[in-house]
Amino acid sequence: MVTQRITDIGPPDYRQFLPPIVKANYGKWKYHEILQPGVMVHVAESGDKLFTVRAGSPRLLSIVTIRKFADLADKYTGGHLRWTSRNNVEFLLTDEANIEPLKKELQEYGFPVGGTGNGISNIVHTQGWVHCHSSATDASGVVKAIMDEVYPHFTSMDLPAKLRIAFACCLNMCGAVHCSDIAVLGIHRTAPTINHDDLPKMCEVPTLVSSCPTGAIRPATVDGKASVEVEKEQCMYCGNCYTVCPAMQINNAETDGISIWVGGKVSNARSKPMFSKLVIPFIPNEPPRWPGVVDAVKKIIEVYAAGARKHERMGEWIERIGWPKFFELAEIPFSPLVIDDFKHAGETYNRTTQIRH
Amino acid sequence: MVTQRITDIGPPDYRQFLPPIVKANYGKWKYHEILQPGVMVHVAESGDKLFTVRAGSPRLLSIVTIRKFADLADKYTGGHLRWTSRNNVEFLLTDEANIEPLKKELQEYGFPVGGTGNGISNIVHTQGWVHCHSSATDASGVVKAIMDEVYPHFTSMDLPAKLRIAFACCLNMCGAVHCSDIAVLGIHRTAPTINHDDLPKMCEVPTLVSSCPTGAIRPATVDGKASVEVEKEQCMYCGNCYTVCPAMQINNAETDGISIWVGGKVSNARSKPMFSKLVIPFIPNEPPRWPGVVDAVKKIIEVYAAGARKHERMGEWIERIGWPKFFELAEIPFSPLVIDDFKHAGETYNRTTQIRH
Amino acid sequence: MATKDLKIPLLEELEKGPWPSFVTEIKKSADNPMARDTLRQLEKSYEDKISHWKHGGLVGVMGYGGGVIGRYSDSPEEFPEVKEFHTYRVNQPSGWFYNTEALRTLCDIWEKHGSGLTNMHGSTGDMIFLGSTTEAIEPCFADLTEAGFDLGGSGSDVRTPSCCVGPGRCEWACYDTLDACYDITQEFQDELHRPAFPYKFKFKFSGCPNDCVASIARSDMSVIGTWKDNIQINQDEVANYAKNGVDIEAEICELCPTKCISWNGKTISIDNSNCVKCMHCINVMPKALSPGKERGATILIGAKAPIIGGALLATVFVPFLEMEEGYEDLKELAEALWDFWGEYGKNRERIGEFIQRVGLANFLDEIGLEPIPEMIAHPRTNPYIFFEDELEEEDE
Amino acid sequence: MATKDLKIPLLEELEKGPWPSFVTEIKKSADNPMARDTLRQLEKSYEDKISHWKHGGLVGVMGYGGGVIGRYSDSPEEFPEVKEFHTYRVNQPSGWFYNTEALRTLCDIWEKHGSGLTNMHGSTGDMIFLGSTTEAIEPCFADLTEAGFDLGGSGSDVRTPSCCVGPGRCEWACYDTLDACYDITQEFQDELHRPAFPYKFKFKFSGCPNDCVASIARSDMSVIGTWKDNIQINQDEVANYAKNGVDIEAEICELCPTKCISWNGKTISIDNSNCVKCMHCINVMPKALSPGKERGATILIGAKAPIIGGALLATVFVPFLEMEEGYEDLKELAEALWDFWGEYGKNRERIGEFIQRVGLANFLDEIGLEPIPEMIAHPRTNPYIFFEDELEEEDE
Ligand code: SRM
Ligand code: SRM
Ligand code: SRM
Ligand code: SRM
Ligand code: SF4
Ligand code: SF4
Ligand code: SF4
Ligand code: SF4
Ligand code: SF4
Ligand code: SF4
Ligand code: SF4
Ligand code: SF4
């Protein structure tokens, strides 16, 4: 029986999915051009041209939509499409004439074409209340609310450079938001509440104790049972204990919310990769449309768009103008909470007289 | 009796020592020029001119020499002179005609004029074997050996920018060498040897234990007496315990020696202040003339002088060309010991693909 | 569609606006009772601002230690259809290339065994099949493998590798990202399916320093294409860009991190010995410039998200590696890392944190890599140098 | 001089070469038996490569806790004259200005009570009188104070402040460094002479960001002159510099850290709102440029050498302070720092390390300074934010 189960076959060989034009020109591309927002041509050394139409997606897709994409691909691309690392769908065409009809059908179906060049692409994000237990906020809803607002930057390329927004619903940062131009991050702000009845049944105390990065958790006997206690002053609400032990409830409807970080990047172009930096420590959860978060993001984009030079990413712009100026322009009050107090905090203090007075 | 003792009077009021021209033009200087190496003129708004003749000094001065300086000052400056923050002597003249005779007398007496502008000034240094108990090497001797060699850069201004050398005989770094273009630093390389007889008499064990930054020292009972033991793998030879407790002998004739650091600076000009970085972890003590150290310093200065652009300090130059290139040019083998493994080590790893191949 | 009776007014606010709505997507599957209860429970979260999912007991495929994430409603009476709501991580094909046949097959399988909801794709790269019962796992897996698909990673294992589109479309790919990703995934099937590491280990492959899969920020082994020789220049095209409005001095020369390009108004010249292969000039003038011909990759180790010691970017381990088919060097390096980390890494200690704990120089020594200056941003600034080992060697 | 019978062949090697020799200096004092034994013991150190000094029991002036560093030969039989060889730290006048009368008086005192050897000056700034017996301390001190001199600091106290030449000669002094140094030294005589802090506390005063006393690298309170308004420009002199060979584009515009100067071939213009007062342009063209007129100082806190936690540069606490005579703000700040550090600082914990331990934001809160973005290089990159306090306040 067991021998008949197929295991460890790995993913299918990608080669079977490559369009013929890709197979023919594999590794032999010469240059590309962005023809219009969301539409690119890649020209091969052979002269062959591959057209890409990129459509935005909420990432959470029903099979109904996937089948629709398949229909469109059959109609326009010979059945070939791919997804991008930011969850957009790309239709891979050889016939330039098919671009506009495909665009039209996509847009009619509710999927905008764009996300290329110096604009805003899709927001990389995580599960939120749709699937994850430790989320401090919803993911898809916040992303939808932001994308509705920044939509004009998805369908145009009018920013100084690429602007990458990422979202994660807790500081595990599954979206790897930590290197984004703008990072929207769900945060818990209170220590976990402990379910002392479940704890001994569900969790191993030593593993739990050692899961806490700050050493806030100590073994304790509660009502005669082996449990733990949390030293509140030491807890920084990372939720690590909750991931290890469900009896440490970290979610809190009253105090959970969202923080905003800016100026990270991943590419090695011009400047080195950089982490995003905290600028707004807390905005409350305001479902269904999170106006506080949306406004904050919008404002940051506006001042960036107005101030940055061509090709200058958010973080590069801020480094040029200085953080004090950024806070001033973005009209963000300077919170003491943005001053680092973690392990390498001293490395973030200003240690020069170079100041704009 | 006690009431007659004079105490807490502080230093004498500096005003009484200011030359009349300084009093007259105090805070009203307009500009300066370096007329020749070691000779400057400061021009006041009033048009008055103050000439400064700067002479090198070994810092360790006999009263015989100080009296000689006083004689020269009486002869040429109306009795006015000062020392600089790098231990040079400055004669403050109003009569330009006195410059050359003063220079001549100084040089005849063995004190070179120079140290200004884009050259090498005096080496800031510490006590060494002349006075300190914890020195891993001599100070004055190493400094003398280096200055003899770099002397042409003291009496000329032929370098791309200022080049500040500092020397400290142990990692207490009394010379504050940690932000110097070239830092020469005495180092111990073995854990202290403990004198268990003296220790209980001379030192408090708890203070001693807590003096160790790495927690390498533990209380121990040796021959029935309260003493300590050192976990050798944890000791990084900082000598902190020795300063607190003389029974922890850190000096070691076999293993003590010198390390070389480069690329620090203090000024806020152009770049921010920077720490010096370790490039040669160890050169043995070679009294009386330390040829290994002298050669290393000379080589670094040579490649810097050849490679740096005008106004570019050592550290700025290295940041521009990259550390791999520096090691190559200076012909310094890359030792794993220069890779940081202290608290913020991770911050010093290369975290970008930006590499010269 | 049977969505009229769903009372989800808050969520329906999220059907407004121009961006495609995930609520609409879930509604599209609302014939499926799991999808309906997903919406109902989510509406409840929107009301009371808290997640209603719990995690708990291990679920999964026989013989695998990962690939399925167990999830349970905390209000199973209220939302019985999502009482169990596990996700599958289905290993995507390299570069997320599909044909319609494969997509339709996947949809059919997921219609049969689950909620009909997916993430295309998860942050690591997998297709995420969102929501199924414990019971469905084994049959769904059988159908998937039958169709040529397998599960990806979860837990303390090799996670599903991912890569940029690379030579499939991009003129800048300095090695074959699609092939490398596929080859490594196949090679380490056992490590991917049977967690045996101190913690997760992620591979990501980008064809050039633009790093379109963000590998330097989120993979334990980041493989980023680069080149060794001179940037290829077509001066005529440079002139064309200049003519068409690119301000070469301001947009390129001034932004070059090492200022190694210069422009005389007619042609550019590059001091390639000082070029750090950042891509910027090439990005701005793709018709005029291309990476050199001697291509390979930089291997960086140890990126991760903040838990526990703070986020890390990856560190250079091999400045330049020729990426020959078979990728033996890469595999050997991975295995050397795993050996040392596997033995001495603490539970839930990512390799990046482990390296920092033991010290880069010690780590290199253990895995047998020569330390070189390219691995560090700068040498140490503190004098706390451990000489003991060296001195002991001298003694011997 | 009685140096012929000294057998110091190694040291005599150090009398060769063009740089003035400390050995020659000690020889000059060789009529003094202490100086002779200094040479003999030093020769021994040169032979066996080790220091022959010991520290030990406290020595000092009655009523003072510092100012004298006790030192003993470890071979008193061999070198009886340096059996005791203590140093005095004699507080220098501001800016190290002397007249010959004062110098001669000092020489006479030191001839009478000690070895005749000095350091002009110690790294902190004091005159160092090098080598005397325990017995001589009190009489020497009496003669010094009689002549108007006092001891400087040592131990866990305010250390002897020092300052650059400032308005005494330098056209760039943005405040009166000499006066500030003198005033602060006088104000804190008690703190200077009677150690009562967790560890040492150093003041240093530089008149402008060139920082000619290296205060940012080695003082617990670093006071560095700066200005708020526009750099003063004399365009004719700019043109003269250009004519005389300064390549203004390359030497100035390109090296300006914020690229806020431009040069049109005739005149320069400065975007002063982006000038970070680095001094570079002024340094290169002192006749043409000067700091603005609205002058004051930046106050930075917490620099130190590596012991124990690694070296620190000082951190901006007050971006701009008007340096009015009396320096009340400065004194208040110093006292606020000492209060908090004095109470909670650990033994041998410099204030810079203390700030890092308690966190800059907490520290500012305790001493009553408003946090502003100028205090940090950049905001935090980790999500480990302590919200508890804030939430508790909300609750109240
Ligand atoms: C399709 C995709 C790769 C894939 O395999 O899926 C891709 C494709 C291309 N990238 Fe990318 N990048 C893709 C994600 C990324 C990412 C990762 C991310 O966003 O999470 C990055 C790193 C972002 C960062 O630094 O934070 C990335 C950084 C770049 C850059 C460098 C931008 C910069 O100046 O910093 C370029 C160069 C450029 O655009 O000039 C680039 C350029 C390109 C080019 C022009 C390459 C080419 O010749 O085909 C492609 C079209 C770009 C465009 O959209 O304008 N790509 N690119 C990804 C599309 C995501 C999307 O749907 O929007
Ligand atoms: C006399 C002295 C101050 C004092 O009160 O004693 C002094 C005096 C002057 N300094 Fe300084 N500096 C003095 C120590 C320093 C130090 C401290 C040190 O070396 O330990 C520094 C910081 C060094 C560093 O960054 O590591 C220092 C960094 C500067 C700079 C910035 C250099 C740079 O580009 O980084 C200038 C500007 C310049 O020279 O262009 C400067 C400029 C000047 C000027 C031109 C100022 C003026 O208008 O009078 C003075 C003559 C400079 C010369 O020697 O060429 N001074 N200067 C010190 C002389 C020490 C000596 O004997 O050599
Ligand atoms: C599904 C996914 C988010 C998504 O919506 O796309 C995800 C979801 C979870 N991640 Fe993640 N992670 C996902 C990609 C990531 C990434 C991004 C990446 O891989 O490129 C990261 C950051 C990069 C990294 O690995 O450092 C990431 C960093 C974490 C961490 C923190 C790890 C760390 O070392 O800092 C945790 C916590 C943990 O391991 O316990 C975590 C844990 C989790 C758990 C398993 C929470 C838990 O302990 O049960 C989440 C399950 C959610 C759910 O309900 O299904 N997830 N997680 C992503 C995987 C999909 C896929 O296979 O394609
Ligand atoms: C004499 C002097 C060196 C010199 O030759 O000039 C000196 C000499 C000593 N220093 Fe220092 N320090 C001297 C300036 C410095 C400086 C520079 C400065 O003040 O600008 C520093 C670095 C700046 C700083 O304070 O961080 C300095 C950092 C230290 C340290 C490390 C302190 C730290 O927090 O990292 C120690 C160790 C200690 O305090 O136990 C130390 C300890 C010592 C002791 C007292 C060693 C001891 O524990 O007995 C040395 C006595 C030597 C002797 O035999 O006389 N000395 N010391 C300097 C004082 C002369 C003066 O008053 O003018
Ligand atoms: S970021 Fe946190 S809450 Fe969101 S999916 Fe990942 S682990 Fe879950
Ligand atoms: S939330 Fe984080 S810091 Fe708080 S107790 Fe849990 S593991 Fe520790
Ligand atoms: S650096 Fe060390 S050995 Fe030298 S004087 Fe200072 S404490 Fe003594
Ligand atoms: S030398 Fe330093 S590290 Fe070694 S035992 Fe002494 S205090 Fe500890
Ligand atoms: S990483 Fe480089 S090779 Fe890969 S898609 Fe992006 S630009 Fe192209
Ligand atoms: S790739 Fe980057 S470093 Fe190289 S020449 Fe182009 S811009 Fe400069
Ligand atoms: S710090 Fe500034 S004001 Fe003081 S001497 Fe140096 S250049 Fe002049
Ligand atoms: S002082 Fe410095 S920052 Fe200001 S204009 Fe001059 S060079 Fe630029």
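Scroll up for the structure.
Numbers given for residues are sequential positions, taken from 1 along each chain in its written order. Naming scheme: in the order in which they are written, chains are lettered from A and ligands are numbered from 1. With pLDDT at 70 or above as the cut-off, local features in this predicted model cover only qualifying residues; side-chain atom pairs require 80 or more to be listed or tallied, and sums for whole chains, interfaces and linings still use all residues. The side-chain quantities take in all heavy atoms of the structure and omit both hydrogens and water.

Some details on the sheet that holds strand S14 (residues 277–284) of chain A
Residues and elements named next belong to chain A. In short, DSSP must find at least two bridges between two strands for them to pair. Strands are runs of DSSP state E lasting at least two residues, helices are runs of H or I lasting at least four, and both sets are numbered from the N terminus onward. Pairing in this open sheet of four strands is mixed, and the strands run S7-S8-S13-S14 from one edge to the other. Each having just a single partner strand, strand S7 (165–168) and S14 make up the two edges of the open sheet. The average undirected angle you get between the axes of adjacent strands in this sheet is 20°. As paired strands, S7 and strand S8 (residues 182–187) are joined by four bridges and run parallel to one another. Looking across to S8, one finds that Phe167 is bridged to Val184. Strands in contact with helix H4 (residues 140–154) are S7, S8 and strand S13 (257–262); relative to S7, the strand with the most contacts, it is inclined by about 160°. Only C-alpha atoms enter the line fits that serve as axes; for helices the fit covers just the stretch in contact. Angles between N-to-C directions range over 0 to 180 degrees. The contact criterion used is simple: two residues touch if any of their non-hydrogen atoms lie within 4.5 Å.

A look at unusual backbone geometry
Cis geometry is found at the peptide bond from C:Met120 to C:His121, where omega equals 5°. Note that the residue after D:Ile307, namely D:Ile308, is joined by a cis bond; omega there is 0°. Inspection of the secondary structure puts D:Ile308 in the loop between strand S15 (295–301) and strand S16 (315–321). Although it is not a glycine, A:Asn87 adopts a positive phi angle of roughly 70°.

Describing helix H13 (residues 351–358) of chain C
Residues spaced three or four apart along an α-helix face the same direction, because each turn holds 3.6 residues. Residue and element names in this part refer to chain C. The buried label goes to any residue with under 20% of its type's maximum accessible area, the exposed label to any with over 50%, and the partly exposed label to all in between, with areas taken from a 1.4 Å probe on protein chains only. Taking burial as the measure, the eight residues of H13 include six buried ones, the bulk of the element. For H13, the full list of buried residues reads Ile351, Gly352, Glu353, Phe354, Ile355 and Val358. Packing partners of the buried residues in H13 comprise strand S15 (295–301), strand S16 (315–321), helix H12 (328–344) and helix H14 (360–367). Backbone geometry just downstream of H13 places Gly359 in the positive-phi region, at approximately 95°.

Here's the deal with the coordination of the iron atom of ligand 3
Coordinating donors are taken as N, O and S atoms within 2.8 Å of the metal, stretched to 3.2 Å for Na, K and Ca; because water is absent from the atoms, sites can appear incomplete. From the protein, the iron atom of ligand 3 takes a single donor atom, A:Cys174 (SG), 2.2 Å away. With respect to the secondary-structure elements, A:Cys174 resides in the loop between S7 and S8.

Examining a negative patch on the surface
All names here are of chain C. For patch building, the residue pool is restricted to those with more than 30% relative accessible area and no salt bridge; the joining distance is 9 Å between like charges and 5 Å between nonpolar side chains (Val, Leu, Ile, Met, Phe, Trp, Tyr). The Shrake-Rupley method, run with a 1.4 Å probe, gives the accessible areas here. Residue values count only the displayed protein chains as cover. The term salt bridge refers to a side-chain nitrogen of Lys or Arg lying within 4 Å of a carboxyl oxygen of Asp or Glu. Within this scheme the basic residues Lys and Arg register as positive and the acidic residues Asp and Glu register as negative, but His and the chain ends are omitted. A charge is said to be at NZ when it belongs to Lys, at CZ for Arg, at CG for Asp and at CD for Glu. A grouping of Glu294, Glu322, Glu324, Glu328, Asp329, Glu332, Glu335, Asp339, Glu343, Asp365 and Glu366 is seen on the molecular surface, where their side chains present a negatively charged patch. Within the residue set of the negative patch, elements represented by two or more residues are H12 and H14. The element contributing the most residues to the negative patch is H12, with six residues. Secondary-structure assignment places Asp329 in helix H12.

A short note on the interface of chain C and chain D
A common way to state how big an interface is: give the accessible area lost once the parts meet. At the interface, six residues of chain C touch six residues of chain D. Carbon and sulfur atoms supply 66% of the area buried between chain C and chain D, which totals about 440 Å² over both sides. Across the contact surface, chain C and chain D share zero salt bridges. Under this definition, polar contacts are N or O atom pairs within 3.5 Å; protein pairs additionally need one hydrogen-donor-capable and one acceptor-capable atom, and for neighbouring residues in sequence, both atoms have to be side-chain atoms. For the pair chain C and chain D, the interface holds four residue pairs in polar contact (both at pLDDT 80 or more). When grouped by side-chain class, the residues that make up the side of chain C that touches chain D number five nonpolar, one polar and no charged. By buried area we mean how much accessible surface two parts lose on assembly, using a 1.4 Å probe and totalling the loss over both. Under the convention adopted here, Pro, Cys and the residues Ala, Val, Leu, Ile, Met, Phe, Trp and Tyr are nonpolar, Asp, Glu, Lys and Arg are charged, and Gly plus all remaining residues are polar.

Focus: the coordination of the iron atom of ligand 2
Coordination of the iron atom of ligand 2 by the protein comes from a single atom, D:Cys212 (SG), at 2.2 Å. As for its position among the elements, D:Cys212 is in the loop between strand S9 (203–206) and helix H8 (215–218).

Focus on the pattern of salt bridges
Tallying each qualifying case throughout the model produces 86 salt bridges over all chains. A salt bridge links A:Lys298 to A:Glu149, with the shortest nitrogen-to-oxygen separation between them at 3.1 Å. Of this pair, A:Lys298 sits in helix H8 (residues 291–307) while A:Glu149 is found in helix H4, placing the two residues 149 residues apart along the sequence. Look at A:Lys298 and you get partly exposed, because its relative accessible area is 32%. The exposure class of A:Glu149 is partly exposed, given its relative accessible area of 35%. Note that A:Asp341 is salt-bridged to D:Arg380, the shortest N-O span being 2.8 Å. Taken together, the residues span two chains, with A:Asp341 in the segment after helix H10 (323–329) and D:Arg380 in the loop between helix H14 (360–367) and helix H15 (388–395). A residue is classified by how much of its surface remains accessible, and A:Asp341, at 32% relative accessible area, is partly exposed. Salt bridges sharing common partners tie together A:Arg54, A:Arg82, A:Glu90 and C:Arg169.

Regarding the site of ligand 6
The cutoff for a nearby residue is simple: one of its non-hydrogen atoms must lie within 4 Å of the molecule or strand. Taken together, the neighbourhood of ligand 6 is formed by 14 residues, with A:Cys212, A:Cys235, A:Cys238, A:Gly239 and A:Cys241 sitting nearest. In the shell around ligand 6, the residues fall into eleven nonpolar, three polar and no charged.

Concerning the environment of B:Lys343
Here B:Lys343 is to be found in the segment after helix H10 (323–329). Looking at B:Lys343, the relative accessible area reads 47%, which means it is partly exposed. Between the C-alpha atom of B:Lys343 and that of B:Gly315, which follows or precedes it by 28 residues, the distance is 22 Å. If near-sequence neighbours (up to four positions away) are discounted, B:Lys343 is found in contact with A:His344 and D:Gly309. A polar side-chain atom of B:Lys343 sits 3.4 Å from the main-chain carbonyl oxygen of D:Gly309.

Overview of the state of the cysteines
A covalent bond bridging the sulfur atoms of two cysteines is what the word disulfide describes. Residue and element names in this part refer to chain A. Throughout, disulfides are identified as pairs of cysteine sulfur atoms within 2.5 Å of each other. Overall, the coordinates contain two disulfides over all chains when judged by the stated rule. There is a disulfide in this structure between Cys203 and Cys245, and the S-S distance comes to 2.0 Å. Its S-S torsion of about 75° marks the bond between Cys203 and Cys245 as right-handed, since a negative value means left-handed. Note that Cys203 is positioned in the loop between helix H5 (199–202) and helix H6 (205–211) and Cys245 in the loop between helix H7 (240–244) and strand S12 (248–249), a separation of 42 residues in sequence. Cys245 sits in the buried class, given a relative accessible area of 0%.

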